[in-house]
Amino acid sequence: MIPTTEGKFAAYYSERGLAQLDFPGDERKCDGKETNGGAPSSEVQRWHAMTAKALKAALAGRTPRELPPLDLSSGTEFQQRVWGVLRQIAAGRTKSYSEVAAEIKKPGAARAVGGACGANPIPVLVPCHRVLAAKSRLGGFSGGLDWKRKLLAREGIQLD
DNA sequence: TAACATTCCGCGC
DNA sequence: GCGCGGAATGTTA
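Given the structure is predicted, the values throughout are model-derived calculations rather than measurements. (Residues numbered from 1 in each chain as written. Chains lettered and ligands numbered in written order. Predicted model: local features only at pLDDT ≥ 70, side-chain atom pairs only at ≥ 80, totals over all residues. Heavy atoms only, no water.)

Draft legend 1. Region of the structure containing the sheet that holds strand E2 (residues 7-13). With respect to topology, three strands assemble into an open sheet ordered E1-E2-E3, the strand pairing being antiparallel. With one partner strand each, in any of the chains shown, strand E1 (2-4) and strand E3 (18-22) form the two edges of the open sheet. Neighbour to neighbour, the strand axes of the sheet diverge by 25° on average, direction disregarded. Taken together, the three bridges between E1 and E2 define a ladder with antiparallel strand orientation. Following the sheet pairing, Ile2 is matched in E2 by Phe9. Running at roughly 20° to E1, helix H1 (residues 42-59) makes contact with E1, E2 and E3 of the sheet. (Pairing = 2+ DSSP bridges. Helix = DSSP H or I, 4+ residues; strand = E, 2+ residues; numbered from the N terminus. Axes fitted to C-alpha atoms, helices over the stretch in contact; angles between N-to-C directions. Contact = heavy atoms within 4.5 Å.)

Draft legend 2. Structural detail: the protein's contact with DNA strand B. Near DNA strand B lie 13 residues; those nearest to it are Tyr97, Arg111, Ala133, Ala134 and Ser142. Within 4 Å of the protein, the contacting atoms of DNA strand B are 35% sugar and phosphate, with bases supplying the remainder. A distance of 2.5 Å separates a base nitrogen of DNA strand B from a polar atom in the side chain of Tyr97. Between DNA strand B and the protein, one listed contact pairs a base nitrogen with a backbone N or O atom of Cys117 at 3.1 Å. Looking at the surface near DNA strand B, the elements with two or more residues in it are helix H3 (97-103) and helix H4 (110-118). Of the residues forming the surface near DNA strand B, the biggest block, five residues, is contributed by H4. In terms of residue class, the surface near DNA strand B is built from seven nonpolar, five polar and one charged. (Near = heavy atom within 4 Å. Polar contact = N/O pair within 3.5 Å; in protein donor to acceptor, adjacent residues only side chain to side chain. Nonpolar A, V, L, I, M, F, W, Y, C, P; charged D, E, K, R; others polar.)

This is the structure we're talking about:
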């Protein structure tokens, strides 16, 4: 668990890196292989420290200096492609679903992009909240639109 | 096949 | 201009 000014975030790690990050209170189902019962390896502890630092920076509206390795192997190739685009969005900037779709050479797949964002296991660090619908409307958000609004506000993004 | 965190077009207000 | 209904669209479980 990572305590922040916004509450406690739950982090789950696989052998490759950070695999999932959950919003406070949002107890998602941890499919079987969560934390190993015994002592976490020193590697995981190091990742956890990085995650905590990066998360706090992101919540403060700053770009994290360094991120822990992310294990995105749970997603499909299409989703990983989308997440890759999301991570290219600079803090304070936004992209629309259709623009992201165009980025990955699949215009018209705006709706599919929305699906990929919703499947994103690592919110905040993979800035799924910087993706808006066309005409700078909010669109949706898995953890609740409150979070999306709050995160955008933290980065100084104002919607009309 | 059904279900979406979309988008676009056409109306009515 | 804004909101709503309906159709087209790509990906996923």
